[in-house]
Amino acid sequence: MTAAGIARLAGVGRAAVSNWRRRHADFPKPVGGTETSPSFALAEVERWLRDQGKLAEVPPRERVWRDLSADPSGAADALIRTGCVLLFVRDRPEEWRQLAAVPDARLAQLLPAALEQVLAPRLGEPGERAVPSPTPQQLLPSVPLLRAAAALAAELGVRETFEFLLGRYLDTNPRQYSLTPPEAASLMAALADAAGEDAHGTAVLDPAAGAGALLRAVARPALVYAQESAPELAALTGLRLALHTDARVTARAGDSLRADAHPRLAADVVLCHPPFNERNWGHDELAYDPRWEYGFPARTESELAWVQHALARLRPGGTAVLLMPPAAASRRSGRRIRADLLRRGALRAVVALPAGAAPPYGIPLHLWVLRRPGGDARPSTRLLFVDTAEPTEGGGGRDKLDWTAVAATALDAWHPFDRRGTAEEMPGVSRAVSVIELLDDDVDLTPARHLPPAATRGGPAELARLREQLADTLVRTGRLSPPVTVPAESAAPASPLTTTVAELARAGALVLHAGGTGTTTAGSPVPVLTEQDVFAGRGPSGTLPEGPADGPADGVADEPVRIEAGDVVLPVLGGGRVTRVADADVAGAALGRNLQLLRPDPAALDPWFLAGFLRATANHRQASSYASTATRLDVRRLQLPRLALADQRRYGERFRSLAAFEDALRLAGRLGEQLVQGMYDGLTDGSVAPD
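Residues numbered from 1 in each chain as written. Predicted model: local features only at pLDDT ≥ 70, side-chain atom pairs only at ≥ 80, totals over all residues. Heavy atoms only, no water.

As recorded in an unreviewed UniProt entry, the protein goes by SAM-dependent methyltransferase and comes from Streptomyces corynorhini.

A. How the structure looks around the overall build of the protein. A tally of helices and strands in the protein yields 23 helices and 22 strands. Dimensions of the protein, computed from C-alpha atoms along their principal axes, come out at roughly 95 × 80 × 40 Å. When the accessible surface of the protein is split by element, carbon and sulfur atoms take 51% of a total near 33,100 Å². Here the protein contributes 77 positively and 82 negatively charged side chains, and the mean placements of these two sets differ by 3 Å. (Helix = DSSP H or I, 4+ residues; strand = E, 2+ residues; numbered from the N terminus. Areas by Shrake-Rupley, 256 points an atom, 1.4 Å probe, with all protein chains shown as cover. Lys, Arg positive; Asp, Glu negative; His and termini not counted. Charge placed at Lys NZ, Arg CZ, Asp CG, Glu CD.)

B. The environment of Gln639, seen in detail. Following the sequence through the fold, Gln639 ends up in strand S22 (residues 639-641). C-alpha separation for the pair Gln639 and Gln469, spaced 170 residues apart in sequence, amounts to 40 Å.

C. View of the pattern of salt bridges. Summed over all chains, the structure comprises 38 salt bridges. Taking the shortest distance from any N to any O, the salt bridge between Glu437 and Arg431 comes out at 3.5 Å. Judged by its relative accessible area of 49%, Glu437 is partly exposed. Since its relative accessible area comes to 22%, Arg431 is described here as partly exposed. A salt bridge links Arg656 to Glu653; the nearest nitrogen and oxygen atoms lie 3.8 Å apart. Residue Arg656 and its partner Glu653 are located together in helix H23 (residues 645-685), separated by 3 residues, close to a single helical turn. (Salt bridge = Lys/Arg side-chain N within 4 Å of Asp/Glu carboxyl O. Buried < 20%, exposed > 50% of the residue type's maximum accessible area, 1.4 Å probe, protein only.)

D. Focus on helix H15 (residues 335-343). Taken together, the buried positions of H15 are Ile337, Arg338, Ala339, Asp340, Leu341 and Leu342. Elements in contact with the buried residues of H15: helix H14 (302-312), strand S8 (347-352), strand S9 (366-371), strand S10 (382-387) and helix H17 (435-438). Of the residues flanking the end of H15, it is Gly345, one or two places downstream, whose phi is positive at about 75°. (Contact = heavy atoms within 4.5 Å.)

E. Representation of the packing of aromatic side chains. Within this structure, the stated rule accounts for 11 aromatic pairs. Judged by centre distance (4.8 Å) and plane angle (70°), the ring pair of Phe27 and Trp48 falls under edge-to-face. Within this pair, whereas Phe27 is found in the loop between helix H2 (14-23) and strand S1 (32-33), its partner Trp48 is found in helix H3 (residues 42-52), the two being separated by 21 residues in sequence. With relative accessibility at 4%, the residue Phe27 sits in the buried group. The structure contains a cluster of three or more aromatic residues connected by ring pairs, namely Trp20, Phe27, Phe40 and Trp48. Here the basic side chain of Arg61 rests over the ring of Phe164, its NZ or CZ set 5.1 Å away from the ring centre. (Phe/Tyr/Trp six-rings, centres within 6.5 Å; stacked < 30°, edge-to-face > 60°. Lys NZ or Arg CZ within 6 Å of the ring centre and 35° of its normal.)

F. Structural view of the sheet that holds S9. The strand order across the open sheet built from 9 strands is S5-S4-S3-S6-S7-S9-S8-S10-S11, with neighbouring strands paired in mixed fashion. The sheet terminates laterally at strand S5 (248-253) and strand S11 (430-434), the two strands that pair on one side only. Geometrically, the sheet is characterised by an average inter-axis angle of 15° between neighbouring strands, direction not taken into account. Strand contacts of H15: S8, S9 and S10, with the helix running at about 50° to S9, the strand carrying the most contacts. (Pairing = 2+ DSSP bridges. Axes fitted to C-alpha atoms, helices over the stretch in contact; angles between N-to-C directions.)

G. Region of interest: the nonpolar core. Among the nonpolar cores identified, the biggest contains 97 residues, and Leu111, Tyr169, Leu187, Leu239, Leu271 and Leu367 are the most heavily contacted of them. The greatest single-element share of this core, amounting to 11 residues, is contributed by helix H5 (residues 75-91). Residues lining this core come from more than one domain, with at least three contributed by each of domain 1 (3-172) and domain 2 (186-393 + 401-449). Once residues lying within four places of it in the same chain are set aside, the contact partners of Leu187 are Leu353, Leu367, Trp403, Val406, Ala407, Ala410 and Leu411. (Core = buried A, V, L, I, M, F, W, Y, C linked by side-chain atoms within 4.5 Å. Domains from an automatic or database assignment.)

H. Expanded view of the sheet that holds strand S17 (residues 580-581). On the basis of which strands lie adjacent, the open sheet formed by 4 strands has the order S13-S19-S16-S17 and antiparallel pairing. Whereas interior strands pair on both sides, the edge strands pair on one side only; in this sheet they are strand S13 (510-514) and S17. Pairing geometry for strand S16 (residues 568-571) and strand S19 (residues 595-600), over 4 bridges, is antiparallel. Residue pairing for S19: Val568 is matched across the bridge by Leu598. Relative to S19, helix H21 (residues 607-614) is tilted by about 140°, and along the sheet it contacts S13, S16, S17 and S19.

I. Highlighting the packing of helix H4 (residues 60-69) against helix H9 (residues 143-156). At a minimum axis separation of 10 Å, H4 and H9 run at an interaxial angle of 150°. Taken together, the axis directions place H4 and H9 in an arrangement best described as roughly antiparallel. Read as a crossing pair, H4 and H9 show a hand that is left-handed. Touching Pro60, Arg61, Val64, Asp67 and Leu68 of H4 are Leu145, Ala148, Ala149, Leu152, Glu155 and Leu156, all from H9. Considered class by class, the residues forming the contact of H4 with H9 number 8 nonpolar, no polar and 3 charged. (Parallel < 35°, antiparallel > 145°, perpendicular 65-115°, else oblique. Left-handed = near helix turned anticlockwise from the far one by under 90°. Nonpolar A, V, L, I, M, F, W, Y, C, P; charged D, E, K, R; others polar.)

J. A look at helix H11 (residues 182-191). H11 sits mainly inside the fold: 7 of its 10 residues count as buried. Summarising the contacts, the buried residues of H11 are in contact with helix H12 (213-216), strand S6 (267-272), strand S7 (314-324), S9 and helix H16 (403-420).

K. View of the pairing of S8. With 6 of 6 residues buried, S8 is to be regarded as a mostly interior element. As paired elements, S8 and S9 share 5 bridges and run antiparallel to each other. Paired with Val350 across the bridge in S9 is Trp368. With 4 bridges connecting them, S8 and S10 associate as parallel partners. Looking at the pairing, Val351 lines up with Val386 of S10.

L. Here's a closer look at the packing of H11 against H16. With their axes 10 Å apart at the nearest point, H11 and H16 run at an angle of 15° to one another. Put simply, H11 runs roughly parallel to H16. The handedness of the crossing between H11 and H16 comes out as right-handed. Here Glu183, Ala184, Leu187, Ala190 and Leu191 of H11 lie close against H16, whose contacting residues are Trp403, Val406, Ala407, Ala410, Leu411, Trp414 and His415. Taken together, the residues that form the contact of H11 with H16 break down as 10 nonpolar, 1 polar and 1 charged.

M. Spatial organisation of the environment of Pro360. In this structure, Pro360 sits in the loop between S8 and S9. Judged by its relative accessible area of 39%, Pro360 is partly exposed. As for Pro360 and Ala565, which are separated by 205 residues in sequence, their C-alpha atoms are 39 Å apart. Contact partners of Pro360, with chain neighbours within four places excluded, come to Phe276 and Leu365.

N. Spotlight on the pairing of S9. Counting buried positions over the 6 residues of S9 gives 6, a clear majority of the element. In S9, alternate side chains face the same way, and those of His366, Trp368 and Leu370 on one face and Leu367, Val369 and Arg371 on the other are all buried. As defined by bridge partners, S7 adjoins S9 across 6 bridges and the pair is classed as antiparallel. When the sheet's bridge partners are listed, Leu322 is paired in S9 with Trp368.

Pasting the structure below:
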C-alpha cells in the first residue's frame, strides 16, 4: 500500500505518515514503488500501527478495498471476480443469500456455475466475452473478500460498491489508463442524440472503451458493444456496463484496428476517445483493409484510422462522435482523407473544446461529429464549426470549466444544423461553411480559422468606459501614493525587542492553520482561495473537490480551513513576499494549498500590523529555507516587534494604506491591458476608427 493508503488506514493526513517515516526508526521499510511514491507491505504497516496505538477503526468499504488490493492474484483480477459476484447479487439476490450460508470451500465450488447463469445472458458465452469465468481454485482465496463486498453492497448498493472499488483501482494506476471525464462523455452522447429518450432501442459501440465512461453516458440503449486493448480493463468495463444498464453488453478485449471484435456490426451510434499520436497502429499490415473508404491513413494519422473504423461500424445514417486532437484537423498528411470526408458528406461538424476538457488536459481538443452516408440521410453540403472556448474565457482550466455553458454552446448550434443543414452564424462561436470553401490545398478544419471574429466586447462604448475607469484609477493611485516620513535623528528605534510567530502562537496571541485539505459533498460547491489568488490580489477562484456523499472513506472528516475576516494569509512556496488580510469578500472560502493562515487575537494583535511586518524582505530572508528547485518559508520563524496595541494600530493604518495603493496599481495595470488589447481589436476589426 502507498503512503496515501496508510493515511486512510490510520485516519490521518499524508503529512503525518511522512513524519512517522522520519521520526520512527522501526517504521516499515518500502517493499516496492519508487523513491517518490514508495509502497509498503500491508501486514507490516498494520502491525506497526497497532503497536503504536494508531490504527483507526476501518470503515467497511475501506476494509473491502484493503482486502482487494492485498489479494494474492492482484487487484485487477480480484476486482473482476468481485464484479462478477456483485452482478450475481444484483440479478439474483435470493440465490446469493442461500449460497452465502455455506462454508467458504463449498461456496468456491458452487460459485462458478452460479455466476455463469448471470454472466452468459448479460455478457456472452465463455471464450467470447472479455470477462473470464473464474474457477473454484481462483475463487477460494478470495471468498472472504467476496463476502465482504456483498455485505458492503447491501449497505451502499451494488452499483455504488463496484463504482467505489473501480474508482479506487483507477486512482492507483493514473498513468496506465486515459479516462474520459463524465462531462465530456455526456456532451458526446448528446451530440449523437444518445443521451435522452431517443437513445432507447439503439445499438451503441465504443471501439476504444477505456473504463466505459462514454457508453455509461448513453441513456437506456438496447445493445452495448465495447472493445478495449487492455484485457483487465475490458473485463472491468464489461462488468461496469452490465451493472449500469439492463442492456445486453458485448465487451471484448483486443485492438480494434488490428483485431476488430465486431466486424459485421452496424451500430446506430459510435462514441470513441481513441489513443492519440500512435505510430504503431497497424499501418504496415492494414494497407488493404476495406475500412479505408476515404483513403489509406498515413503512419502519423492514427486518429483518421479510428475515424474510418467508426464510420465502417455504423449503419447508413448512423452517427459517430470522436474526441480528436486539434492537429488532426490541419496536418497536411491527412488532407486527402479530410477532403473525401467532406465531399461525401460524412463529416458534419467540428466542435472545439476548451483546454482542460479531457486528457491530455493541456490542449484544446476537438469533437468530430460524423454520419455514415446512405439511407435516408442526405449528403451535407456544409460543415458546422463551433468554438466553445468563449463561454469559459477567464474561467477555464481542468477544474474550472463551465460545462453547462460549453454543452449549451455546442448543442444550440448542432441541433438546428442537424435538422435543417444550416445554422445561424454567431461571430466567434459558430458558423456553417460550404464544403466548396474548405476544399483548398490544406483542407484545414480548425474551427477558429473559419469563424468570423467576435466583435470587440461592448464595442467603442465599452472601450470609452474602460478609458474613463482607467483615468479615475490613475488619479486615485496618485492620491494613494504613500508619503515617506523620515524619522527624527534623535528618535529611538520603535522597539528593540522582537518576538516570533511561534512564540505568539504558544502564547495564544494567534492561531496557525495550513491549507490544502478537505472535500465537499456533491452539489455543495465551496470556493477556495488559491496561492495564485493571493499573488494576484483577487477573489477565490478554486473549488473544493467532491468527496463521497456519505462521508470520507476513512470515517474521519477532513474539514477544510475556512477563512474569517481579519485573518492574515501568506504563501509559503516560491519566495514571494506577499501577505493578505482577509476581508468580507474572502471570508467563508477554504484555504488552498501552499498557504498559511494566521488568525490573530484582536485583543493582542492588529492584523494589518501583523501582515505588514511579516512581509519585510529581511524577515523573509532569515525565515526561508532553500531546496534545489524551490524556496520554502517557515512562517513560525518570522519576527515582529513587541508593541502596545495602540502602536500596532498606527503601523497597521499605514500598512492598510499601502495595500490600498497596491490594489489600485494592480487594477490600473489590468484596465490598461484591457484597453490596449481592446483598441488593437477594435482598430483591426473596424469598430474603432484610426483617426
